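Residue-level listing of the chains:
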Amino acid sequence: MNKKVILQLDALTCPSCLTKIETAIKAEPGVGTVKVLFNAGKVKADIDDSQTNAEKLSDIVTKLGYEVEKVKVKDL
């Protein structure tokens, strides 16, 4: 089933953060579209939950050095 994952991040400090996060998440199997909202500090991704999940995306962002404050998952 397809889902939308929304990660609320602690802080994005520069536009290059956006590219780094977006590229890393897009590399995960099962991820469709990814949008990083710099000013809102959010990452939105459409996923196929048979291949990945919100926890994996949160781990990717955390390993890049960003703190994930909140995770939401919605059915598409």
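Residues numbered from 1 in each chain as written. Predicted model: local features only at pLDDT ≥ 70, side-chain atom pairs only at ≥ 80, totals over all residues. Heavy atoms only, no water.

Trainee: Which residues make up the side chain of S58, and what are the values?
Mentor: Here S58 shows up in helix 2 (residues 54-63). Residue S58 is classed as buried on the basis of its relative accessible area, which comes to 15%. Those residues within four positions of S58 in sequence are excluded, and the remaining contacts are L7, V68 and V71. (Helix = DSSP H or I, 4+ residues; strand = E, 2+ residues; numbered from the N terminus. Buried < 20%, exposed > 50% of the residue type's maximum accessible area, 1.4 Å probe, protein only. Contact = heavy atoms within 4.5 Å.)

Trainee: Quick rundown of the side chain of E28? Include the residues and the values.
Mentor: Mapped onto the elements, E28 comes out in the loop between helix 1 (15-26) and strand 2 (31-37). Setting aside residues no more than four positions away along its own chain, E28 makes contact with Q51, T52, K56, L57 and I60.

Trainee: Summarise the sheet that holds strand 3 (residues 42-48); cite the residues concerned and give the values.
Mentor: Read across the open sheet, the four strands follow the order 2-3-1-4; overall the sheet is antiparallel. The open sheet has two edge strands with one neighbour each: strand 2 and strand 4 (68-75). Within this sheet the neighbouring strands show an average axis-to-axis angle of 15°, counted without direction. Pairing between strand 2 and strand 3: five bridges, direction antiparallel. Paired with V36 across the bridge in strand 3 is V43. The strands touched by helix 1 within the sheet are strand 1 (2-9), strand 2 and strand 3, with strand 2 carrying the most contacts at an inclination of about 165°. (Pairing = 2+ DSSP bridges. Axes fitted to C-alpha atoms, helices over the stretch in contact; angles between N-to-C directions.)

Trainee: Describe the pairing of strand 3, with residues and values.
Mentor: Residues of strand 3 alternate between two faces, with V43, A45 and I47 buried on one and K42, K44, D46 and D48 left unburied on the opposite face. In this sheet, strand 3 lies alongside strand 1 in antiparallel orientation, the contact comprising seven bridges. What sits directly across from L7, in strand 3, is V43. Remark: four residues form the turn of the hairpin made by strand 2 and strand 3, two consecutive strands paired antiparallel; G41 in that turn has positive phi of roughly 70°.

Trainee: Describe the environment of K42, and please don't skip the residues or the numbers.
Mentor: Mapping K42 onto the fold places it in strand 3. We classify K42 as partly exposed; its relative accessible area is 27%. Here K42 is in contact with I6, L7, Q8, K35, V36 and L37, once residues within four sequence places are set aside.

Trainee: Before we move on, can you summarise a positive patch on the surface with the specific residues and values?
Mentor: On the surface, K35, K44, K70, K72 and K74 cluster together into a positively charged patch. Top contributing element to the positive patch by residue count: strand 4, with three residues. We classify K44 as partly exposed; its relative accessible area is 30%. (Patch = residues over 30% accessible without salt bridge, like charges linked within 9 Å, V, L, I, M, F, W, Y side chains within 5 Å. Areas by Shrake-Rupley, 256 points an atom, 1.4 Å probe, with all protein chains shown as cover. Salt bridge = Lys/Arg side-chain N within 4 Å of Asp/Glu carboxyl O. Lys, Arg positive; Asp, Glu negative; His and termini not counted. Charge placed at Lys NZ, Arg CZ, Asp CG, Glu CD.)

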